[in-house]
Amino acid sequence: MQSTELERAIRGFRRYYEENVSQANYELRVSDLLEADRKEWERRDAELHPSSFPFCGLRYAYDYNEREDDPIIVQEFGRDYFLNAGHVFHAALQKWLGRGGQMIGNWHCLECKAKHTFKVKPEKCRKCGGQHLEYHELGGKWGKNVSWHTDGLWKKGSKIWLVDYKSTSTYAIEQHRKTKQVFPYVSNRFQIETYVPLVEDTFDVKVAGWLLVYAARDNPNHMFKVEVVGGTVDDERREQLRARLDTADTDFGIARKVKEQPVKVFKRLERTKLCEDKDFYDHFVKDRYNPCPLEKVCFNQSKLHAFLKKSIVDKTDAS
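What you are looking at is a predicted structure, and each value in this text was computed from that prediction instead of being measured.

Colleague: Describe the overall build of the chain, and please don't skip the residues or the numbers.
Modeller: Within the chain one finds 10 helices and 11 strands. Each principal axis of the C-alpha atoms in the chain carries an extent, and together these give about 75 × 65 × 50 Å. Burial analysis of the chain (319 residues in total) assigns 38% to the buried set. A fraction of 63% describes how many contacts in the chain between residues 6 or more apart in sequence connect residues 24 or more apart. Accessible surface for the chain amounts to roughly 19900 Å². Of this, 51% is attributable to carbon and sulfur atoms. In the chain, which carries 54 positive and 49 negative side-chain charges, the distance between the mean positions of the two groups comes to 3 Å.

Colleague: Can you explain the pattern of salt bridges? Please cite residues and give values.
Modeller: All chains considered together, the criterion is met by 25 salt bridges. For E76, the salt bridge is made with R79, and the minimal N-O distance between the two is 3.6 Å. Residue class for R79 comes out partly exposed when judged on its relative accessible area of 48%. The closest approach of N and O atoms between K225 and D218, which form a salt bridge, is 3.1 Å. Note on D218: relative accessible area 55%, which makes it exposed. A single network of salt bridges, built from pairs that share partners, joins E200, D201, K206, D235, R238, E239 and R242.

Colleague: Describe the environment of N290, listing the residues and the values that go with them.
Modeller: The topology assignment puts N290 in the loop between α9 (278-285) and α10 (301-318). Among the polar contacts listed, one links the side chain of N290 to the side chain of R59, at a separation of 3.2 Å.

Colleague: Before we move on, can you summarise the pairing of strand β7 (residues 146-150) with the specific residues and values?
Modeller: With respect to burial, β7 is a largely interior element, four of its five residues being buried. Inspection of the sheet shows strand β6 (residues 138-142) paired to β7 by five bridges, in the antiparallel sense. Opposite L138, over in β7, you have T150 as the bridge partner. Adjacent in sequence and paired antiparallel, β6 and β7 are bridged by three residues, among which G143 carries a positive phi angle near 60 degrees.

Colleague: Give a description of unusual backbone geometry that names residues and reports values.
Modeller: Put simply, F53 and P54 share a cis peptide bond, and its omega is 5 degrees. With respect to the element layout, P54 can be found in the loop between α2 (35-45) and α3 (57-66). Following F183, the chain continues to P184 via a peptide bond in cis, the omega torsion being 0 degrees. Locating P184 in the fold gives a position in the loop between α5 (170-179) and α6 (186-203).

Colleague: Which residues make up helix α8 (residues 262-270), and what values go with them?
Modeller: For α8, every residue scored as buried is listed here: P262, V265, F266, L269 and E270. Seen from one end, α8 has its buried residues packed into an arc of 130 degrees, which puts them on one side. Seen from the buried face of α8, the exposed residues on the opposite side, beyond 90 degrees, are V263, K264 and K267. Its buried side turned inward, α8 meets α3, α7 (235-255) and α10.

Colleague: Which residues make up the packing of α6 against α7, and what values do they have?
Modeller: Packed helices, taken two at a time, are described by the angle their axes make and the gap between the axes. Relative orientation of the contacting elements α6 and α7 amounts to 95 degrees, with a least axis distance of 9 Å. The orientation of α6 with respect to α7, classified from their angle, is roughly perpendicular. Along the contact surface, α6 presents F190, E193, T194, V196, P197, L198, E200 and D201, while α7 presents R237, R238, L241, R242, R244 and L245. Partitioning the contact of α6 with α7 into residue classes produces six nonpolar, one polar and seven charged.

Rules and cut-offs
Residues numbered from 1 in each chain as written. Predicted model: local features only at pLDDT ≥ 70, side-chain atom pairs only at ≥ 80, totals over all residues. Heavy atoms only, no water. Helix = DSSP H or I, 4+ residues; strand = E, 2+ residues; numbered from the N terminus. Buried < 20%, exposed > 50% of the residue type's maximum accessible area, 1.4 Å probe, protein only. Contact = heavy atoms within 4.5 Å. Areas by Shrake-Rupley, 256 points an atom, 1.4 Å probe, with all protein chains shown as cover. Lys, Arg positive; Asp, Glu negative; His and termini not counted. Charge placed at Lys NZ, Arg CZ, Asp CG, Glu CD. Salt bridge = Lys/Arg side-chain N within 4 Å of Asp/Glu carboxyl O. Polar contact = N/O pair within 3.5 Å; in protein donor to acceptor, adjacent residues only side chain to side chain. Pairing = 2+ DSSP bridges. Arc of directions from axis to C-beta. Axes fitted to C-alpha atoms, helices over the stretch in contact; angles between N-to-C directions. Parallel < 35°, antiparallel > 145°, perpendicular 65-115°, else oblique. Nonpolar A, V, L, I, M, F, W, Y, C, P; charged D, E, K, R; others polar.

Spelled out as structure tokens, the structure:
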């Protein structure tokens, strides 16, 4: 009898778990958020972040024009879990790698609140002599619209390297070791390279290159569960990255005006769209989980014009 009840309880809880975690989601309007959460959402929505790269002003303008004035935010367990787990993962790595004395960041004294900016970890606080210092990410504003924070800078001799931490699966790490073709993910490379002009312009330093650290979620404590890949940055690449960032900063501001001036905005952003041709899109941008809504028309001018014109008409009719 007890065994039968236990079996029913196990089956019942599995169903309960599936209904409330595995298959559960719900929708909220931005206006339904708590005031503090709504203001934070609106603040971030009005900023361009490196996590949005590769950034295309034309695609952003199309998505923004299609979006409702009071957008729906889909809440899911997976998104909630990975977002919070990601925060813990980054904070732990920043703390422990920062203690090694080669990670440049901002250090806050936990005893007197003094701040030590753009430094490797001081042995003690210059103000109170305390030894309890906490790592904070480097960051700032760039141009008119870009807001950024980076995981850290690694100082090796006279060279400075950008570092970004990514959690991944053990399977992906094993596949990369077999093929050397898994890492870096294209979007990760776009994102970390974006930090080069941001760091250099903000702190007046020269970045030698970038390092992406992929650590397995189940046990990032050991190096057999970690892969590091990277690349260098020469002067030609540096100027390309700065030009790309400058275009993205400008185009983001233009794209945000699309609801008031759709024809003018689309016409302007067609000239500076990200993808030069379909090969560029297929190789550097295409994401099967997040395909571009313009991918089937973007490389045929007449089709693109017709598609954008229809979207403007449909939007006008709907309102």
